[in-house]
Amino acid sequence: MTVPVLRLGRTLIVTLPSAVSDTEMLELQDRLAEEVGELGIRGVVLDVSVVDVLDSFATRTLRGIAQTVRLRGARAVIVGVRPEVAFSMVRLGLTLEDVPTALDLEEALDHLDRATGGGTGRGR
Amino acid sequence: MADEHRVPIRSEADVLTARHRGRELGALLGLSSTDLILVATAISELARNILQYAGKGEVTLRVVNRGRHRGLEIVASDDGPGIPDVARALEDGYSSSGGLGLGLPGARRLLDEFEIHSEPGKGTVVRGTKWAPDVAD
């Protein structure tokens, strides 16, 4: 199964499925690194609102994806960390370090607009 | 549904199966939605540890009773190289594989009870329990 990615202007919206495998996460990382360049993408939204387990591997990979996207010249924002998942991550001692987060898609898109100086191409 | 599930851990797909089974059993026990996620995350860390250090092993999930209390017990066992220094493996940030070193100490913080038996060269058994809230009689 491939993780679904939607394009909105110069933004990609990635919806992570509830049970995403390690392989799919790593494939996603490669795919986003390529698509950011090919499609002139400025912002990537990583939606984790249906993900119910963010363990150490998944968290590290999410950080890796965000860092890869940034190195490719775009910005990533993680949206929709569920309250129970946030609690679990704190217990585990996991952080997203400097990867920005947002409560919902609108806030995530606003964040990307600001971070890229309006470069996400949404015309607002 | 049976009160015990044995999930062989040989691939990352098995990690997903183990945590899914844990959630199912935990839901039957009446664990809260937060506890279900803590349990699933702990199972994920323990099953990953098996893959990483032993290559294969098993996660057993069962309902346990202690007096009036019921809980979900998670046993992660393998015949791998074992842990030479268990106390050190439970320290945050310690990892012999270059990982985050959160597997064991992290799983311990997610559960109510936690113990490790390990013999170098023979394998490791990790046993953790999450107790369900008391049911009013």
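Residues numbered from 1 in each chain as written. Chains lettered and ligands numbered in written order. Predicted model: local features only at pLDDT ≥ 70, side-chain atom pairs only at ≥ 80, totals over all residues. Heavy atoms only, no water.

Novice: I'd like to hear about the overall build of chain A, residue by residue, with values.
Specialist: Within chain A, the regular secondary structure consists of four helices and five strands. When its helices and strands are written in sequence order, chain A yields β-β-α-β-α-β-α-β-α. In summary, chain A has a C-alpha radius of gyration of 13 Å against a globular reference of 14 Å for 124 residues, a match within 12%. The principal-axis extent of the C-alpha atoms belonging to chain A is close to 40 × 25 × 20 Å. (Helix = DSSP H or I, 4+ residues; strand = E, 2+ residues; numbered from the N terminus. Rg over C-alpha atoms; globule rule 2.2 N^0.38 Å.)

Novice: Tell me what's going on with empty space enclosed by the protein, and back it up with residues and numbers.
Specialist: In total, this model carries one cavity of 30 Å³ or more according to the counting rule given. Considered as a void within the structure, the largest cavity measures approximately 60 Å³ in volume. In this structure, the largest cavity is lined by Ser18, Val20, Asp22, Val51, Val53, Asp55 and Ala58 of chain A together with Leu16, Arg19 and Arg48 of chain B. Tallied by class, the residues present in the lining of the largest cavity amount to five nonpolar, one polar and four charged. (1 Å grid on protein atoms, 1.4 Å probe; cavity = no way out; pocket = protein on both sides within 12 Å on 5 of 7 lines; lining within 4 Å. Points joined across faces, edges and corners; volume = space filled by probe spheres on them. Nonpolar A, V, L, I, M, F, W, Y, C, P; charged D, E, K, R; others polar.)

Novice: Which residues make up the interface of chain A and chain B, and what are the values?
Specialist: Listed by partner, the interface residues are 23 residues for chain A and 21 residues for chain B. Between chain A and chain B the total buried area reaches about 1900 Å² when both faces are included, carbon and sulfur atoms providing 53% of it. Three residues, Val53, Arg91 and Leu92 of chain A, lead the burial of chain A against chain B; their summed loss comes to 32% of the area buried on that side. Counting across the chain A and chain B interface gives three salt bridges. In this structure, Arg48 of chain B and Asp55 of chain A form a salt bridge, with 2.6 Å as the shortest nitrogen-oxygen distance. The tally of links from chain A across to chain B stands at eleven residue pairs in polar contact (both at pLDDT 80 or more). For the side of chain A that touches chain B, the secondary structure elements donating two or more residues are helix 1 (22-38), helix 2 (56-71) and helix 3 (83-92) of chain A. Here the side of chain A that touches chain B takes six residues from helix 3 of chain A, the largest share from any one element. Of the residues assigned to the side of chain A that touches chain B, the class counts are nine nonpolar, six polar and eight charged. (Contact = heavy atoms within 4.5 Å. Buried area = accessible area lost by both parts, 1.4 Å probe. Salt bridge = Lys/Arg side-chain N within 4 Å of Asp/Glu carboxyl O. Polar contact = N/O pair within 3.5 Å; in protein donor to acceptor, adjacent residues only side chain to side chain.)

Novice: For the pairing of strand 5 (residues 123-131) of chain B, give the residues involved together with the corresponding values.
Specialist: Residue and element names in this part refer to chain B. Along strand 5, seven of the nine residues are buried, which leaves the element largely enclosed by surrounding structure. With eight bridges joining them, strand 3 (residues 69-78) and strand 5 adopt antiparallel strand pairing. Paired with Ser77 across the bridge in strand 5 is Val125. Here strand 4 (residues 113-119) runs beside strand 5; their pairing, made up of seven bridges, is antiparallel. Residue pairing across strands places Phe114 opposite Gly128, the latter belonging to strand 5. Count of turn residues in the strand 4/strand 5 antiparallel hairpin: three residues, of which Gly121 carries a positive phi of about 90 degrees. (Buried < 20%, exposed > 50% of the residue type's maximum accessible area, 1.4 Å probe, protein only. Pairing = 2+ DSSP bridges.)

Novice: Describe unusual backbone geometry, listing the residues and the values that go with them.
Specialist: The phi torsion at Glu97 of chain A lies on the positive side, around 50 degrees, for a residue other than glycine. Within the fold, Glu97 of chain A resides in the loop between helix 3 and strand 5 (101-102).

Novice: Report on the packing of helix 1 (residues 12-29) of chain B against helix 2 (residues 33-54) of chain B, specifying residues and quantitative values.
Specialist: Residues and elements named next belong to chain B. As a packed pair, helix 1 and helix 2 sit with axes 9 Å apart at the nearest point and diverge in direction by 150 degrees. Judged by the inter-axis angle, helix 1 sits roughly antiparallel to helix 2. Considering only the axes of helix 1 and helix 2, their crossing is right-handed. Mapping the contact onto sequence places Glu12, Val15, Ala18, Arg19, Gly22, Arg23, Gly26 and Ala27 in helix 1 and Leu36, Ile37, Val39, Ala40, Ile43, Ser44, Ala47, Arg48 and Leu51 in helix 2. (Axes fitted to C-alpha atoms, helices over the stretch in contact; angles between N-to-C directions. Parallel < 35°, antiparallel > 145°, perpendicular 65-115°, else oblique. Left-handed = near helix turned anticlockwise from the far one by under 90°.)

Novice: I'd like a description of the sheet that holds strand 3 (residues 43-47) of chain A, backed by residues and values.
Specialist: All names here are of chain A. If you walk across this open sheet you meet the five strands as 1-2-3-4-5, and the pairing is mixed. Looking at which strands have only one partner, the edges of the open sheet turn out to be strand 1 (5-8) and strand 5. As defined by bridge partners, strand 3 adjoins strand 4 (residues 75-79) across five bridges and the pair is classed as parallel. Note on strand 4: the bridge partner recorded for Leu46 is Ile78. Against the sheet, helix 1 touches strand 1, strand 2 (11-15) and strand 3, its axis set at about 165 degrees to strand 2. Lying on the sheet, helix 4 (residues 105-115) is in contact with strand 1, strand 2, strand 3, strand 4 and strand 5; it crosses strand 4 at an angle near 160 degrees.

Novice: Before we move on, can you summarise the nonpolar core with the specific residues and values?
Specialist: Among the nonpolar cores identified, the biggest contains 63 residues, and Leu32, Val44 and Leu46 of chain A together with Val59, Leu104 and Phe114 of chain B are the most heavily contacted of them. Per element, the largest residue contribution to this core is nine residues, and it comes from helix 2 of chain B. The contacts of Val44 of chain A, once residues within four sequence positions are left out, are Leu12, Val14, Leu32, Val36, Val69, Arg75, Ala76, Val77 and Leu112 of chain A. In this structure, Ile13, Ala102, Ala108 and Leu112 of chain A belong to the second largest nonpolar core, which totals eight residues. (Core = buried A, V, L, I, M, F, W, Y, C linked by side-chain atoms within 4.5 Å.)

All we've got here are geometric facts, nothing functional implied.
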